[in-house]
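# Report on the structure
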Amino acid sequence: GSDRQCIELMRMSREVYVRLCTQFRHKLWLHDSSHVSVEEKMTMFLTIIGNNERYVVIKRRFQHSSQTNAYFHEVLATMMTFAREMIVPSTFDHNQDNPGANKYDGFLSYFIGALDRTLVHAIIPSSQQTVYRARGKGKCYQNVLGIYDFNMIFTFVYAGWEGVAHDSRVLTEVMAAPSNNFPFPPPSIKYYLCNAMYTNTRGFMAPYRIVRYLGDFCHKRAMTKEEKFNHAHAKLRNIIERAYDVLKARFPILDKMAPYPFNVQRNIVIACFAVNNFIREEKINDELFAQYE
């Protein structure tokens, strides 16, 4: 089909899709089956996560009624290996390619990325819903902690926490477990930008509390040094807000998860982050990244 059909079906251009399939073939992560190619397996998987489709719809569309479920889980399993290559810590170098680097160059040189969490819809058994129910809407969510560099690429992702968990608690627990390989900033003067829900400590810089922040500067310019700091902090930290916007616009399944087992839901989230990173790193024009640039 056309490039537009590919974008609508799989949430990426045809050129990026071809490169993605080629990488999975080259790395031997996926193989052709007797009746289904790597490309068709990938298309089924991307259609499910990119349009929040159910197996019954994919079965009718691709005419593989007995194996659609198996192909989805086959691709998802290989996506975990793919994610370990695509979601990697920053080199901690000041990136001059960042569009905001000129205006905030002196300020930006101290930072290696932005850190924040987001909530992803989750389907939870009724007996466990209390700790996952958040925002007072009756829905359940899983907490996802992400770190983004200033090129809108995720450098660390941890998914699966309960929706009611406090931001700072999630960060503390994730950092405490060596198996999570949390990318601590180097001992030199380098920081992650984070919001006021986190504690100011070595490697993490939050804004001044009880001082105007981004939404408060609409009609008045920053006056004091604290307000100027908060204004620059907000301008740089909104990179992660836009990054999450791109991710959720690309993969509607993150706003309305299908009733998979929870470990599968968590892996789907990681796969979405990995594919989003791949699209960004291929440096091919992407309409969603262009929209939120």
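To start, this report covers the structure provided alongside it. Keep in mind the model is a prediction, meaning the values are calculated, not measured.

## Side note on helix 1 (residues 3-10)
Regarding helix 1, the residues found buried are Cys6, Ile7, Leu9 and Met10. Contacts made by the buried residues of helix 1 are with helix 2 (14-26), helix 3 (38-51), helix 4 (55-62) and helix 10 (287-292). Of the residues one or two after helix 1, Arg11 is the one with positive phi, at around 65°.

## Some words on the pairing of strand 2 (residues 141-148)
Within strand 2, eight of the eight residues are buried, which leaves it mostly tucked inside the rest of the structure. Across eight bridges, the pairing between strand 1 (residues 111-121) and strand 2 is antiparallel. Within strand 2, the position partnered with Arg117 by the bridge is Leu145. Examined bridge by bridge, strand 2 and strand 3 (residues 154-162) share seven bridges and lie antiparallel to one another. Paired with Gln142 across the bridge in strand 3 is Glu162. Here strand 2 hands over to strand 3 after five residues, with Met152 in that stretch at a positive phi of 65°.

## Quick notes on the packing of aromatic side chains
Summed over the entire model, instances satisfying the criterion amount to 18 aromatic pairs. Between Phe154 and Tyr244 the ring centres are 5.4 Å apart and the planes differ by 45°, which places this aromatic pair in the tilted class. Within this pair, whereas Phe154 is found in strand 3, its partner Tyr244 is found in helix 8 (residues 225-250), the two being separated by 90 residues in sequence. Residue classification places Phe154 among the buried residues on the basis of a relative accessible area of 0%. Chaining the aromatic ring pairs together yields one cluster made of Phe156, Phe182, Phe184, Tyr192 and Phe204. Across from the ring centre of Phe289, 4.7 Å away, lies the NZ or CZ of Arg280, which sits over that ring.

## Quick look at helix 8
Taking 1.5 Å as the rise per residue, helix 8 with 26 residues should run 38 Å; its terminal C-alpha atoms sit 39 Å apart, in good agreement. Along its length, helix 8 reaches its greatest deviation from straightness, about 30°, at Arg237.

## Regarding the nonpolar core
Ranked by internal contacts, the top residues of the largest apolar core, which has 71 residues, are Met42, Leu46, Met79, Phe82 and Ile268. Counting residues per element, this core draws most heavily on helix 9 (residues 262-281), which supplies 11 residues. Each of domain 1 (3-86) and domain 2 (101-260) gives at least three residues to this core. For Phe82, the contacting residues outside a window of four places in its chain are Leu20, Gln23, Phe24, Trp29, Ala274, Val275 and Phe278.

Calculation rules
Residues numbered from 1 in each chain as written. Predicted model: local features only at pLDDT ≥ 70, side-chain atom pairs only at ≥ 80, totals over all residues. Heavy atoms only, no water. Buried < 20%, exposed > 50% of the residue type's maximum accessible area, 1.4 Å probe, protein only. Helix = DSSP H or I, 4+ residues; strand = E, 2+ residues; numbered from the N terminus. Contact = heavy atoms within 4.5 Å. Pairing = 2+ DSSP bridges. Phe/Tyr/Trp six-rings, centres within 6.5 Å; stacked < 30°, edge-to-face > 60°. Lys NZ or Arg CZ within 6 Å of the ring centre and 35° of its normal. Expected span 1.5 Å × (residues − 1). Bend = angle between axes of the 7 residues up to and from the residue. Core = buried A, V, L, I, M, F, W, Y, C linked by side-chain atoms within 4.5 Å. Domains from an automatic or database assignment.

From the geometry alone we can't say anything about function, so treat these as descriptive.
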